[in-house]
Amino acid sequence: RKTAWDTEAVCFQSMAQKAKEGKYDVDTSARVSKVAFDLKLMVFNAIIYNPATHVVNKAALQLLKASRSVLAKWEKGELMCRVCHGDEVYIENPVQICDFCCTGIHAQCLPEVRQ
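None of these values were measured; they are calculated from a predicted model. (Residues numbered from 1 in each chain as written. Predicted model: local features only at pLDDT ≥ 70, side-chain atom pairs only at ≥ 80, totals over all residues. Heavy atoms only, no water.)

A tally of helices and strands in the protein yields 3 helices and 2 strands. Ordered by position from the N terminus, the helices and strands of the protein form the series α-α-α-β-β. Every one of the 115 residues in the protein was classed for burial, and the buried ones make up 27%. Considering only intrachain contacts with a sequence separation of at least 6, the fraction spanning at least 24 residues in the protein is 41%. Within the structure as shown, the protein displays about 8300 Å² of accessible surface, and the carbon and sulfur contribution to it stands at 58%. (Helix = DSSP H or I, 4+ residues; strand = E, 2+ residues; numbered from the N terminus. Buried < 20%, exposed > 50% of the residue type's maximum accessible area, 1.4 Å probe, protein only. Contact = heavy atoms within 4.5 Å. Areas by Shrake-Rupley, 256 points an atom, 1.4 Å probe, with all protein chains shown as cover.)

Our next topic: a nonpolar patch on the surface. Residues Phe44, Ile48 and Tyr49 make up a contiguous nonpolar surface patch of roughly 280 Å² in combined accessible area. Its location among the elements puts Phe44 in helix α2 (residues 28-49). (Patch = residues over 30% accessible without salt bridge, like charges linked within 9 Å, V, L, I, M, F, W, Y side chains within 5 Å. Salt bridge = Lys/Arg side-chain N within 4 Å of Asp/Glu carboxyl O.)

This part takes up the environment of Asn93. For Asn93, the position within the fold is in the loop between α3 (55-75) and β1 (95-97). For Asn93 and Gln108, which are 15 residues apart along the polypeptide, the C-alpha to C-alpha distance reads 6.1 Å.

A few words now on the pattern of salt bridges. Inspection of every chain in the model, using the stated rule, returns 2 salt bridges. In this structure, Lys18 and Asp38 form a salt bridge, with 2.8 Å as the shortest nitrogen-oxygen distance. A residue pair is termed long-range when its members are at least 10 positions apart, and Lys18 in helix α1 (residues 12-20) and Asp38 in helix α2 qualify at 20 residues. You can call Asp38 buried: its relative accessible area is 5%. Here Glu21 and Lys23 are joined by a salt bridge, their closest N and O atoms 3.1 Å apart. According to the relative accessible area criterion, Glu21 is partly exposed, its value standing at 45%. The exposure class of Lys23 is partly exposed, given its relative accessible area of 47%.

Moving on: the nonpolar core. Across soluble globular proteins, you tend to see nonpolar side chains buried next to one another. Listed in full, the 11 residues of the largest apolar core are Val10, Met15, Tyr24, Val32, Val35, Ala36, Leu39, Leu41, Met42, Leu71 and Trp74. At the level of secondary structure, the elements contributing two or more residues to this core comprise α2 and α3. In terms of residue count, α2 provides more of this core than any other element does, 6 residues in total. (Core = buried A, V, L, I, M, F, W, Y, C linked by side-chain atoms within 4.5 Å.)

What follows concerns α3. Owing to its 3.6 residues per turn, the α-helix aligns residues three or four sequence positions apart on the same side. For α3, built from 21 residues, the straight-helix expectation of 30 Å at 1.5 Å per residue is met to within 8% by its first-to-last C-alpha distance of 30 Å. Of all the bends found along α3, the most pronounced is centred on Ser67 and spans about 30°. Looking at α3, one finds that the buried residues are Asn57, Ala60, Leu64, Ser67, Val70, Leu71 and Trp74. (Expected span 1.5 Å × (residues − 1). Bend = angle between axes of the 7 residues up to and from the residue.)

Residues at a pLDDT of 70 or more form 81% of the protein, whose mean pLDDT is 79. Taken element by element, the protein is modelled with least confidence in β1, mean pLDDT 75, and with most confidence in α1, mean pLDDT 86. (pLDDT = per-residue confidence, 0-100.)

Encoded structure:
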């Protein structure tokens, strides 16, 4: 699917689908580049198609700012699980990023959620 500016339409759902299909499964540096490209394209589309005062535009700029440090850590191989210190990333056990401290943690290493 293309946008009016002839760029690919990208969203988190399409990125998750690409991950499930193994389209990001290449060596680590290329994986970071592919994910970063799609993420930046999604952000730039949100900025292009929404006025500067729109909530989507503002959220896109915040996402771009926050993602820079996470992608830089991932590119250096520093984004590992803070619990088990493993750097393996699988669909079944993804590394999730803490919004507060930008550290990674495997889904299976997360402590149980208290009810």
